[in-house]
Amino acid sequence: LFFKKTYSVLSSAEIVSKEKSNMTEDRFEHCIGVSKTAKKLAELNQYDEDKAALAGFIHDYAKQVSVEEYREVIKTKGFDQDLLNWNRSIWHGIVGTYFIQRDLKINDTEILTAVRRHTTADVEMTTLDKIVFMADYIEPGRSFPGVEEARKITYANIDRGVGYQLAHTLEFLIEKRNKIYPRTLDAYNVWGIKE
Ligand code: GDP
Ligand code: FE
Ligand code: FE
Ligand code: FE
C-alpha cells in the first residue's frame, strides 16, 4: 500500500500503520477494498486516482473509536449537539473527520468532505464524494442481495449507483424500523427518485 501524493506531513507508511492499529483486521481489509475500488471508479470518472485511493483507504478510520470518546468530542469540539442523539453509524463519517485530522494529519477539504458524506450521502455530492460513497458499498468484500446489480449500475453510471444505494439503504433501515438521519432522506430525494 502506497500513496504517491502527500496530503499529510505523515508518510504513506505512517498513515497505513496508524489506520491498521485503529481497527480490526476485517475492517482494515474492507478499507483496502474500498481504496482499490475508489481508484477504479476514479479512473472511470476522470478523477485523481491516487487521491481517491487515499480517501477510500481512510474513510472508516474512526469507525471503532469508543462511544465515550465520540461523545466527549461532540460536546467539546464544536459539533452540532443533535449528534448526541445518534450513534457510531452516523458519527464515524461526520465526526470521524476530527480524528482523521488529529491523528492522520489530513486537512484536504475534498477528502474530509467525502469522509463526512460517506454514510449518509448529501444533497450536494462531488465526484470524490460519489466515488467513496459507492466504493464503500460495492468493494469486493461486500456481499448482500443486490450487490452485483449495484456494481453493474455504478460502473455504468455513478450517479445512478448513488440513487440505487440510497433507495436500498433506506428500504433496509425502514424494514428494521431504524431511525433515519434526515440528511439520508434529503439525499434520497435528490439522487434516488426516478424522473
Ligand atoms: P461501513 O462503515 O463500511 O459499515 O458503511 P457505512 O458507513 O456506509 O454505513 C454504516 C451503517 O450506517 C450501515 O449499517 C448503514 O445501513 C447505516 N446507515 C446509513 N444511513 C443511515 C441512516 O440514515 N440512519 C441510520 N440509523 N443508519 C444509517
Ligand atoms: Fe463507514
Ligand atoms: Fe456507505
Ligand atoms: Fe466503509
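Residues numbered from 1 in each chain as written. Chains lettered and ligands numbered in written order. Predicted model: local features only at pLDDT ≥ 70, side-chain atom pairs only at ≥ 80, totals over all residues. Heavy atoms only, no water.

Some remarks on the overall build of the protein
Selection criterion: Helix and strand definitions follow DSSP, with helices as H or I runs of at least four residues and strands as E runs of at least two, each counted in order from the N terminus. Radius of gyration here is computed from C-alpha atoms only, and the compact-globule reference equals 2.2 Å multiplied by the residue count raised to the power 0.38. For every residue, the accessible area obtained with a 1.4 Å probe (protein chains only) is divided by the maximum for its type, and the residue is called buried under 20%, exposed over 50%, and partly exposed between those limits. Note on definitions: a residue-residue contact is assigned when non-hydrogen atoms from the two residues lie within 4.5 Å. Shrake-Rupley sampling with a 1.4 Å probe provides the accessible areas, and residues are treated as covered by the protein chains on show and by no other component. His is not counted, nor are the chain ends, whereas Lys and Arg count as positive and Asp and Glu as negative. Taken as the charge location is NZ of Lys, CZ of Arg, CG of Asp or CD of Glu.
Across its full length, the protein holds eleven helices and zero strands. The C-alpha radius of gyration of the protein comes to 16 Å, within 12% of the 16 Å expected for a compact globule of 195 residues. Here the protein holds 195 residues, and the buried ones make up 51% of them. Within the protein, counting contacts between residues at least 6 apart in sequence, those at least 24 apart form 61% of the total. Accessible area for the protein stands at about 9900 Å²; split by element, carbon and sulfur atoms hold 49% of it. Charge separation in the protein, taken as the distance between the mean sites of 28 positive and 30 negative side-chain charges, equals 2 Å.

Describing the coordination of the iron ion (ligand 2)
Put simply, a metal with four donors set out as a tetrahedron has ideal angles of 109.5 degrees, and one with six donors set out as an octahedron has ideal angles of 90 or 180 degrees. Selection rule: Ligating atoms shown are N, O and S within 2.8 Å of the metal, or 3.2 Å for Na, K and Ca, and water is not included, meaning a site may look less than complete.
Protein coordination at the iron ion (ligand 2): the donors are D60 (OD), H92 (NE2) and H118 (NE2), at 2.0 to 2.1 Å from the metal. As a motif over one chain, the donors of the iron ion (ligand 2) read D-x31-H-x25-H. Overall, the relative accessible area of 3% leaves H92 in the buried class.

Re helix α8 (residues 127-138)
Selection criterion: Here the expected span of a helix is defined as 1.5 Å times the quantity of residues minus one.
With twelve residues, α8 should cover 16 Å at 1.5 Å per step; its first-to-last C-alpha distance of 16 Å lies within 8% of that length. Of all twelve residues in α8, eleven are buried; the element is thus mostly enclosed. Turning to α8, its buried residues number three or more, namely L128, D129, K130, I131, V132, F133, M134, A135, D136, Y137 and I138. The elements touched by buried residues of α8 are α2 (25-44), α3 (49-58), α7 (109-117), α9 (147-156), α10 (158-175) and α11 (182-191).

Describing the environment of R27
Structurally, R27 can be placed in helix α2. On a C-alpha basis, the gap between R27 and T184 in space is 23 Å, while along the polypeptide they are 157 residues apart. When near neighbours in sequence (up to four residues on either side) are disregarded, R27 contacts D60, K63 and Q64.

So, helix α1 (residues 12-21)
How we decide: Picture the helix axis, draw a direction to every C-beta atom, and the arc is the one those directions span.
Along α1, the positions that sit buried rather than exposed are S12, I15, V16 and E19. Angular distribution of buried residues about the axis of α1 spans 100°; they occupy a single face of the element. With respect to the buried face of α1, the exposed residues turned more than 90 degrees away are A13 and S21. Here the buried face of α1 lies against α2, α3 and α6 (96-104).

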